[in-house]
Amino acid sequence: MVRRKYVVGNWKMNGLSGALAEAEAIFAGARAHEAVDVALCPPFTLIGPMAALGGATGGQDCHPQPSGAFTGSVSAPMLADAGAALVIVGHSERREGFAERDADVKAKAGAALTAGLSVILCVGEPLGVRESGGAIDYVLAQVQGSLPGDFDPARLAVAYEPIWAIGTGRVPTIEDVAAMHGAIRAALSDRIGEGAAAVRLLYGGSVNGDNAADLLGARDVDGALVGGASLTAAKFLPIVEAAA
Ligand code: PEP
């Protein structure tokens, strides 16, 4: 099974309307690399105008319920209605900062799929777990606990993002990335059988134009989830090129 490369930018809580010019430049540059799927996930406020630029646009979170008395929240059908094609769920900044548990992430992923969105499901271990040698067990438990019950493998990607690598400039060794991705693929295979071959596995954590080729070349790495380096075309497009 040939999986298309997938490079996704997570703008986090960054971007006013002036930043749409960067998104436009990113989408234009990405069109030169037809073999790579590129998407940007801006704050909620920019989803509509960014989607109108014609590139794949996503949310960074969604509520598990479609509507209701949840002040300040945005649901998966609302994201789709605004033009989003995908949503990130379970980012470590949501798990840590908003106390999201695996069960919450599972519910959000299921709601997003029901709303017709694709999902990027994030998992990743803290530094202490990595240093104690328990990273693979920790991440596989997150995968098992966060995966929706039933899903189309082509519409779900898993992003392995070691927490200690996010925004720090530190990255795991290529061998450690490949070992983790291989373990995730095997766990998916146990869970859904042959369909696991269609699930794209992204690496995230301090990916930049200098390290992208090595990281994207690792076994079972089908793309990247990029934070800081996704905010400008100058930093993001070299990562897209490395994936091509
Ligand atoms: C992220 O937050 O998903 C991320 C990978 O951030 P950065 O690329 O800045 O490490």
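Residues numbered from 1 in each chain as written. Predicted model: local features only at pLDDT ≥ 70, side-chain atom pairs only at ≥ 80, totals over all residues.

**Digging into helix α8 (residues 174-192)**
Because each turn of an α-helix spans 3.6 residues, side chains separated by three or four positions in sequence point in the same direction.
Reasoning step 1: Helix length check: α8 (19 residues) gives 27 Å between terminal C-alpha atoms against 27 Å at 1.5 Å per residue, within 8%.
Reasoning step 2: Along α8, the positions that sit buried rather than exposed are V177, M180, H181, I184 and L188. Take α8 and look down its axis: the buried residues cluster within an arc of 95°, on one side only. Exposed positions of α8 whose direction lies more than 90 degrees from the buried face are E175 and D190.
Reasoning step 3: Those residues of α8 that are buried are in contact with α7 (135-146), β6 (156-160), β7 (200-204) and α9 (212-216).
Reasoning step 4: After α8 finishes, the residue G193 shows a positive phi value of roughly 70°. (Helix = DSSP H or I, 4+ residues; strand = E, 2+ residues; numbered from the N terminus. Expected span 1.5 Å × (residues − 1). Buried ≥ 20, exposed ≤ 12 C-beta atoms within 10 Å, placed from the backbone. Arc of directions from axis to C-beta. Contact = placed C-beta atoms within 7 Å.)

**Things to note about the confidence of the model for the protein chain**
Reasoning step 1: Looking at the protein chain, the pLDDT average stands at 97 and 100% of residues meet or exceed 70.
Reasoning step 2: Model confidence for the complex is summarised by a pTM of 0.97, with the ipTM given as 0.97. (pLDDT = per-residue confidence, 0-100.)

**Observations concerning the site of the ligand**
Reasoning step 1: The environment of the ligand is made up of 13 residues, and the closest members are I166, G167, G204, G227 and G228.
Reasoning step 2: Here the shell around the ligand is built from residues that sort into five nonpolar, seven polar and one charged. (Near = placed C-beta within 6 Å. Nonpolar A, V, L, I, M, F, W, Y, C, P; charged D, E, K, R; others polar.)

**With respect to the sheet that holds strand β3 (residues 56-59)**
Reasoning step 1: Around the barrel, eight strands lie side by side as β1-β2-β3-β4-β5-β6-β7-β8; this closed barrel has parallel pairing. Mean inter-strand twist for the sheet, computed between neighbouring axes without regard to direction, equals 25°.
Reasoning step 2: Inspection of the sheet shows β7 paired to strand β8 (residues 223-226) by three bridges, in the parallel sense. Considered in β8, the bridge of G204 is made with L225. (Pairing = 2+ DSSP bridges. Axes fitted to C-alpha atoms, helices over the stretch in contact; angles between N-to-C directions.)

**Quick word on the UniProt feature "active site" (unreviewed entry) in the protein chain**
Reasoning step 1: Within this structure's numbering, the places UniProt gives as "active site" (unreviewed entry) are H91 and E161. The named residues occupy 71 residues along the chain; their greatest pairwise C-alpha distance, 8.4 Å, places them in one compact cluster.
Reasoning step 2: Here H91 is to be found in the loop between β4 (86-89) and α4 (92-97).
Reasoning step 3: Contact partners of H91, with chain neighbours within four places excluded, come to Q60 and C122.
Reasoning step 4: Positionally, E161 belongs in the loop between β6 and α8.
Reasoning step 5: Taking the C-beta count within 10 Å as the criterion, E161 has 27 such neighbours and is therefore assigned buried.
Reasoning step 6: Among residues more than four places away in sequence, those in contact with E161 are S92, C122, G124, I166, G204, G205 and L225. (UniProt positions renumbered as here; feature names shortened; annotations may be inferred.)

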